[in-house]
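Structure at a glance
Residue strings, one per chain:
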Amino acid sequence: MLVPRAASYAVNATASFPILTLLAVGQASTGLDLLVRTEREEVPLILELLTEKACPASVLFLLRSQALGLLASSGMALALAATPEEERTRALPLVLAAAAAINLRQPQLCAAPPATLALRCGTLLCACAANLRRGSPRPADAPAVRPRRRVAAIGRIVLGVGLAAVAAPSACAGRGFECLGQTRQLLAQALRCASAQLLPLGASCLELSRSSADPSRYHRLLAWAVALGSGAQLALLLGPHADALHRGARGALMLMHATSAAAAAAAATDDYRGG
């Protein structure tokens, strides 16, 4: 009985692995490219930001946040590729596709090489292909799920914050940042791309809240991706690059990511209980 089950798991994982792995590689490559450009080309970026009459500190903080979010999203895509088809939900591939699509509107602060542009377009195509792969419904005899209210609440909060910033980035920038410059266009575009990475994070928390009493390896991988992603965002918020944020907005984001990282780490180690 164990051999056919293991073979079925391997077949299902292998069938979805290429699409979701390409999505993960595309997002991770874009994230690493952003990190390199903001760390090693900071002076040219600031000069170009000043030309755009935007606040350099605000935009650079958002680009770093987006880069870390892309790396976290790539981990979630790899975790999703490892799960059997019958355990996969529709929501997580959908939000990964949405985040990849929004990422195509990333601010072009310096000339991007053709390979990077091709990679971004390929990432969107792979995300759409992953979204078209509808997950099979869970079997009727599947073990009963036990919702974790705390993790579900965190997921809804993260999704709500991400959706609000994606839908109204200019208004959120006005409430969140100390300096805006004479125009909000570039800052709003950077905020929309950075906030899009909160969508997979929130959806992953909701998926973790629905896991069974005996979480699978897939749920553990997903939990670690969420914990590391939120932990990286928290470290960024604690650093000097977040000085452009209003104190209240910075504190609220720190609380959100700290709670998300703690809950996901507890889920990964089976050390949490819920009603």
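Residues numbered from 1 in each chain as written. Predicted model: local features only at pLDDT ≥ 70, side-chain atom pairs only at ≥ 80, totals over all residues. Heavy atoms only, no water.

On the secondary structure map, Ser204 appears in helix H9 (residues 198-209). Here Pro200 takes part through its backbone oxygen, which lies 2.7 Å from a polar atom of the side chain of Ser204. Leaving out residues up to four positions away in the same chain, Ser204 has contacts with Met76, Leu92, Leu222 and Val226. (Helix = DSSP H or I, 4+ residues; strand = E, 2+ residues; numbered from the N terminus. Polar contact = N/O pair within 3.5 Å; in protein donor to acceptor, adjacent residues only side chain to side chain. Contact = heavy atoms within 4.5 Å.)

Another aspect to go through is the pattern of salt bridges. By the definition in use, this model includes 1 salt bridge. The residue Asp243 makes a salt bridge to Arg250 at a minimum N-O spacing of 3.1 Å. Judged by relative accessible area, Asp243 falls into the exposed class, the value being 51%. (Salt bridge = Lys/Arg side-chain N within 4 Å of Asp/Glu carboxyl O. Buried < 20%, exposed > 50% of the residue type's maximum accessible area, 1.4 Å probe, protein only.)

Interhelical geometry of H9 versus helix H10 (residues 217-238) gives an angle of 140 degrees and a closest axis separation of 10 Å. The angle between H9 and H10 places the two elements in the oblique class. Regarding H9 and H10, the two cross each other, and that crossing is left-handed. Contacts between H9 and H10 involve Leu201, Ser204, Cys205, Glu207 and Leu208 from the former and Tyr218, His219, Leu222, Ala223, Val226 and Ser230 from the latter. Tallied by class, residues from the contact of H9 with H10 come to 7 nonpolar, 3 polar and 1 charged. (Axes fitted to C-alpha atoms, helices over the stretch in contact; angles between N-to-C directions. Parallel < 35°, antiparallel > 145°, perpendicular 65-115°, else oblique. Left-handed = near helix turned anticlockwise from the far one by under 90°. Nonpolar A, V, L, I, M, F, W, Y, C, P; charged D, E, K, R; others polar.)

Time to look at helix H6 (residues 149-167). Helix length check: H6, at 19 residues, gives a terminal C-alpha distance of 27 Å against a target of 27 Å (1.5 Å per residue), a fit within 8%. Buried within H6 are the following residues: Val151, Ala152, Ile154, Gly155, Val158, Leu159, Gly162, Ala165 and Val166. For H6, the angular spread of buried residues about the axis comes to 165 degrees, placing them on one side. Exposed side of H6, more than 90 degrees from the buried face: Arg149, Arg150, Arg156 and Ala167 are the residues found there. The inward-facing, buried residues of H6 contact helix H4 (91-103), helix H7 (169-176), helix H8 (185-196), H9 and helix H11 (247-268). (Expected span 1.5 Å × (residues − 1). Arc of directions from axis to C-beta.)

A few words on the confidence of the model for the protein chain. Confidence in the prediction of the protein chain, expressed as mean pLDDT, is 76, and 70% of residues score 70 or more. Low pLDDT, under 50, characterises residues 1-16; the stretch is placed with 13 contacts to residues that sit more than four places away or in other chains. Taken together, the stretch residues 134-146 has pLDDT below 50 and engages in 23 contacts with residues farther than four places along the chain or on a different chain. (pLDDT = per-residue confidence, 0-100.)

In terms of nonpolar packing, the biggest core is built from 36 residues, with Met76, Leu92 and Leu222 touching the most fellow members. No other element matches the 7 residues that H9 contributes to this core. In this structure, Leu222 is in contact with Met76, Ala79, Leu92, Ser204, Glu207 and Leu208, ignoring residues within four places of it in sequence. Grouped together as the second largest cluster of nonpolar side chains are 25 residues, Leu49, Leu70, Ala165 and Ala244 included. (Core = buried A, V, L, I, M, F, W, Y, C linked by side-chain atoms within 4.5 Å.)

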